[in-house]
Amino acid sequence: MRFRAKIVDLACLNHFSRIINTIARLAKTCILRLTVCKLYFILSDKVANGGASMWCELSQGNFFDEFQLEGVAAEHNEIYLELVPENLSRALKTAQNAKAVKIKLTNKHCPCLRVAVELPSLSSSSRIVTHDIPVGVIPRRMWNDFREPSVPDFDVSIYLPVLKTMKSVVERMKNLSSVIVIEANLSGEMNLKIETDLVSVTTHFKDLGNPLWASEDGCQSSTQGRDLESMAEACIDIKKLQQLLAGQQVNPTKALCNIVRKRIVHFVLLHEEVSLQYFIPVIA
């Protein structure tokens, strides 16, 4: 089992670093799944126990100049590692104007991801700062626990308003309540609401637009016969929503939200080469 990779391009390095920062804010520990073409960061807190889950996927070719992987076996050419993303985020902070960053899976006293940061120096020799990040290797028999979460049929799918605006609304509401109701319809309207014994606050957004989704058979999902004005609502933990909005450093080109009544709110943030899905279970 071997893995080594190298980033030389500074823009790619900074972008990768921002993604890891976002993940570090969403997950204390996560699974890093490495395949020949992609990296996945996976958080699968059991939604049944009220935990949020995350699936972030990026193509290695958009970030790495070199990427070599030998998985557990020829037919399973993948590696699954458990790590604390904050440790990786800290290591990459030292690389803001690095000449190159090398990442390698090592196993001296325990399995580690070694991050070697080559810094520019005034002399001809370069300075190298090395960080060893402990990781756990996930055995093959447990891989199925970390498959991409399936998205149940949702009642409404809607584009999100500007995330900065949404973040400031949610931050103000967080001081008043621990839960928030998100409701949306098929006419591009969305409301964020909190209701307590003392106060009831609603923020309205309109003209957001509703994405068209292809169904299993490849047809566009039809809204025929559905009431476009009718609101689908879900009540979720406001802290989890605030965490998602506060951690955003990916600057998505598209952000949308799918609501499944009484079950889950599914957020999808898309940037050219990164997709982040975040699932927050509904509070009954």
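As shown above, the structure is provided for reference.
Residues numbered from 1 in each chain as written. Predicted model: local features only at pLDDT ≥ 70, side-chain atom pairs only at ≥ 80, totals over all residues. Heavy atoms only, no water.

Student: Got a minute to help me understand the nonpolar core in this structure?
Tutor: Where a protein is soluble and globular, its nonpolar side chains tend to be buried together. The biggest cluster of nonpolar side chains holds 76 residues, and the ones touching the most others in it are F3, F16, L192, L241 and F267. Ranked by the residues each element gives to this core, the list is headed by helix α1 (residues 10-26), at six residues. Counting residues domain by domain, this core receives three or more from each of domain 1 (2-145) and domain 2 (156-215 + 227-281). Setting aside residues up to four positions removed in sequence, L241 forms contacts with M166, V170, I180, I182, I236, F267 and I280. (Core = buried A, V, L, I, M, F, W, Y, C linked by side-chain atoms within 4.5 Å. Buried < 20%, exposed > 50% of the residue type's maximum accessible area, 1.4 Å probe, protein only. Helix = DSSP H or I, 4+ residues; strand = E, 2+ residues; numbered from the N terminus. Domains from an automatic or database assignment. Contact = heavy atoms within 4.5 Å.)

Student: Explain the state of the cysteines to me, please; I cannot follow it from the model alone.
Tutor: Note: disulfide means a covalent bond formed between the sulfur atoms of two cysteine side chains. Scanning all chains against the criterion turns up zero disulfides. Here C30 stays unpaired: no disulfide links it, and the sulfur of C56, its closest cysteine neighbor, is 9.2 Å away. Free cysteine: C235, not disulfide-bonded; nearest cysteine sulfur from C257 at 14 Å. For C235, a relative accessible area of 22% translates into the label partly exposed. (Disulfide = S-S within 2.5 Å.)

Student: Before we go on, may I ask you to explain the packing of helix α3 (residues 163-174) against helix α4 (residues 238-246) in this structure?
Tutor: Axis angle and axis distance: for two packed helices, these are the angle between their axes and the distance between the axes, and together they describe the pair. Interaxial distance between α3 and α4 falls to 9 Å at its minimum, and their mutual angle equals 145°. Viewed along their axes, α3 and α4 form a crossing whose handedness is left-handed. Together, L163, M166, K167, V170, E171, M173 and K174 of α3 and I238, L241, Q242, L245 and A246 of α4 make up the contact between the two elements. Per-class residue counts for the contact of α3 with α4 are eight nonpolar, one polar and three charged. (Axes fitted to C-alpha atoms, helices over the stretch in contact; angles between N-to-C directions. Left-handed = near helix turned anticlockwise from the far one by under 90°. Nonpolar A, V, L, I, M, F, W, Y, C, P; charged D, E, K, R; others polar.)

Student: I'm lost on the sheet that holds strand β13 (residues 190-195) in this one. Help?
Tutor: Two orientations exist for strands paired in a sheet by backbone hydrogen bonds: parallel and antiparallel. Read across the open sheet, the four strands follow the order β14-β13-β12-β15; overall the sheet is antiparallel. The sheet is open, and its two edges are formed by β14 (200-205) and β15 (232-237), each paired on a single side. Strand-to-strand, the axes of this sheet are offset by a mean angle of 20°, without reference to chain direction. Sheet analysis places strand β12 (residues 179-184) next to β15, joined by six bridges and oriented antiparallel. Along β15, the bridge assignment pairs A184 with A232. Running over the sheet, α3 touches β12, β13 and β14 and is turned about 10° from β13. Set on the sheet, α4 makes contact with β12, β13 and β15; between it and β15 the angle comes to about 90°. (Pairing = 2+ DSSP bridges.)

Student: Explain the packing of aromatic side chains to me, please; I cannot follow it from the model alone.
Tutor: Each aromatic ring pair is characterised by the separation of its centres together with the angle its planes make. Per the stated rule, a full pass over the model turns up seven aromatic pairs. With a centroid separation of 5.8 Å and an interplanar angle of 55°, the aromatic rings of F16 and F63 are classed as tilted. With F16 in helix α1 and F63 in the loop between β4 (53-59) and β5 (66-70), this residue pair connects regions lying 47 residues apart in the sequence. Note on accessibility: F16 and F63 belong to one class, buried. Their ring planes at 25° and their centres at 4.4 Å tell us that Y80 and W143 sit as a pair that is stacked. Here Y80 is found in strand β6 (residues 79-83), whereas its partner W143 is found in the loop between β10 (136-137) and β11 (156-159), with 63 residues between them in sequence. (Phe/Tyr/Trp six-rings, centres within 6.5 Å; stacked < 30°, edge-to-face > 60°.)

Student: What is the right way to read unusual backbone geometry from this model?
Tutor: For residues other than glycine, phi is negative in most cases, and the peptide bonds are mostly trans. Unusually for a residue other than glycine, D207 sits at a positive phi of about 60°. Among the secondary structure elements, D207 is positioned in the loop between β14 and β15. Located in the positive-phi region is K262, a residue other than glycine, with phi close to 65°.

Student: Help me understand the environment of C56, please; the structure alone is not making it clear to me.
Tutor: On the secondary structure map, C56 appears in strand β4. A sequence separation of 66 residues divides C56 from L122, and the C-alpha atoms of the two residues are 38 Å apart. Non-local contacts of C56, meaning those with residues more than four positions away in its chain, are made with I19, I23, L39, Y40, F41, V274, S275 and L276.

Student: Teacher, can you tell me more about a positive patch on the surface here?
Tutor: Residues R4, K102, K104 and K108 make up a contiguous surface patch of positive charge. Within the secondary structure, K104 sits in strand β7 (residues 100-107). (Patch = residues over 30% accessible without salt bridge, like charges linked within 9 Å, V, L, I, M, F, W, Y side chains within 5 Å. Areas by Shrake-Rupley, 256 points an atom, 1.4 Å probe, with all protein chains shown as cover. Salt bridge = Lys/Arg side-chain N within 4 Å of Asp/Glu carboxyl O. Lys, Arg positive; Asp, Glu negative; His and termini not counted. Charge placed at Lys NZ, Arg CZ, Asp CG, Glu CD.)

Student: Can you walk me through α4 in this structure?
Tutor: Those residues of α4 that sit buried are I238, K240, L241, Q242, L244 and L245. Its side-chain oxygen placed 2.8 Å from the backbone nitrogen of K239, D237 serves as the N-cap of α4. (Polar contact = N/O pair within 3.5 Å; in protein donor to acceptor, adjacent residues only side chain to side chain.)

Student: Could you clarify how one ought to interpret the side chain of E57 in this entry?
Tutor: Considering the arrangement of structural elements, one finds E57 in strand β4. Judged by relative accessible area, E57 falls into the buried class, the value being 17%. A polar contact is formed between the side chain of E57 and the side chain of K38, at a distance of 2.7 Å. Dropping the residues within four chain positions of it, E57 is found in contact with K38, L39, Y40, E148, E273, V274 and S275.

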